[in-house]
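# Summary of the model geometry
Here is what each chain is made of, one letter per residue.
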Amino acid sequence: MREIVTAALQLGPIQKSDSRENVVARMIKLLEQAKAADATFVVFPELALTTFFPRWFMEEQSDVDQWFESSMPGPATEPLFACARDMRMAMSFGYAELTPDGQHFNTSILTDTSGAIVGKYRKVHLPGHSEYDCERAFQHLEKRYFLPGDLGFPVWRNLNANMGMLICNDRRWPEAYRVLGLQGVEMVTLGFNTPSVNSQMSNEGPQDRLFHHRLSCQSGAYQNATWVVAVAKAGVEDGHPLIGGSLIVDPNGKIVAETATEDDEMIVHVCDMDACTFGKTTIFDFKRHRRIEHYGRITEQTGAEPPAV
Ligand code: ING
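Reference entry: report on the structure contained in this document. Within each chain, residue numbers correspond to sequence positions counted from 1 in written order. For a predicted model such as this one, the threshold for reporting local features is a pLDDT of at least 70, and the threshold for listing and counting side-chain atom pairs is 80 or more; totals across whole chains, interfaces and linings nevertheless cover every residue. With hydrogens and water set aside, each side-chain value is computed from the structure's full complement of heavy atoms.

Let's shift gears to the sheet that holds strand β13 (residues 255-258). A pair of strands counts as paired when DSSP detects no fewer than two bridges linking them. A run of H or I in DSSP becomes a helix once it reaches four residues, and a run of E becomes a strand once it reaches two; helices and strands are each numbered from the N terminus. With mixed pairing, the six strands of this open sheet are ordered in space as β6-β7-β8-β9-β12-β13. Two strands in the sheet have a free side with no partner beyond their single neighbour: β6 (155-158) and β13. Strand after strand, the sheet turns through a mean of 20° between neighbouring axes, direction not considered. The pairing of strand β12 (residues 247-249) with β13 spans three bridges and is classified as antiparallel. Within the sheet, the bridge partner assigned to V249 lies in β13 and is I255. Only C-alpha atoms enter the line fits that serve as axes; for helices the fit covers just the stretch in contact. Angles between N-to-C directions range over 0 to 180 degrees.

Our next topic: the site of the ligand. Any residue with a heavy atom positioned within 4 Å of a molecule or strand is treated as near that molecule or strand. The immediate surroundings of the ligand are formed by 13 residues, with E142, C168, N169, R172 and T194 found nearest. Here a nitrogen atom of the ligand sits 3.0 Å away from a polar atom, N or O, in the main chain of N193. In the complex, the protein chains occlude 84% of the 360 Å² of accessible area that the ligand would expose alone. Structurally, the ligand is housed in the largest pocket. Within the shell around the ligand, the residues separate by chemical class into three nonpolar, four polar and six charged. Any pair of nitrogen or oxygen atoms within 3.5 Å is treated as a polar contact; in protein, a donor-acceptor pairing is required on top of that, and neighbouring residues in sequence qualify only through side-chain atoms on both sides. A 1.4 Å probe and the Shrake-Rupley method give the accessible areas. Residues count as covered only by the protein chains that appear here. Using protein atoms alone on a 1 Å grid, points that fit a 1.4 Å probe yet trap it form a cavity, whereas open point sets bounded by protein on both sides within 12 Å along at least five of seven lines form a pocket; residues with an atom within 4 Å of a point count as lining. Think of it this way: if more than half of a molecule's atoms are within 2 Å of a pocket's grid points, that molecule is in the pocket or cavity. Classification convention: Asp, Glu, Lys, Arg as charged; Ala, Val, Leu, Ile, Met, Phe, Trp, Tyr, Cys, Pro as nonpolar; all other residues, Gly among them, as polar.

On their own, these measurements won't tell you what the molecule is for.
Given below as structure tokens:
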């Protein structure tokens, strides 16, 4: 059996005024909890080092760039990498990436147990909008501050398993999971920052958001016979609530662990990678069952084209 003791390390709110150093100290405390639980792999949220800054409208690029990391690890995150390395724990976590040539991405990385970065993913599906929208109860300006990811949906061999990463809104798009599934993915990690209410639909509240979150993760896991580890940044950030609901889903789509709070919280599960095999060799044996000659619209067409009336 290829078992990976996996810890989802949920972060509670990060206020605009919180320093990276303060957040890294919280992350290290969670790492210590994971070590005590014999974890060898930990997953942190999307944009784990700062508040969810795309809720704020900024016009000066210097105001935007303050939320980005121009090196990884950098001065503030080196202690985190050192701690994970000393504990022989692999990790994935999300941050805002500013590349040397000035590009801005919503990024996550994957490390091995030596602390080396073995994989990088840049968020492909950016929700929200790019200009200030006075119709909305609050802003969601990811299309303003980030470029769409340019690395595709890669899968890496790590800890003797096939691992892939998504980020937040990606989990709502089945194509994203399927591209990973077509590479034999056995564990998908994804961090998320999901507002508890819809800025455009007043009657959609936290329970609806949690329902769609669970549905998206469970279907992605089941339909690709893979583990899914989804980890929230949760709680109220400067008056703006984010859902919790960090969870670990098995390759049959069953939630095997879920957080109960909107604070810093760990859930842990022994994930057997060989539990993916049955689904991948029977109901979701892609080679035997898929009929790609009928799927052309999925990559040839972007928007829906209903039949002419
Ligand atoms: N957040 C949200 C998410 O996809 C969202 C945005 C929420 C879009 C609910 C649609 C519906 O979970 C991020 N950061 O993508």
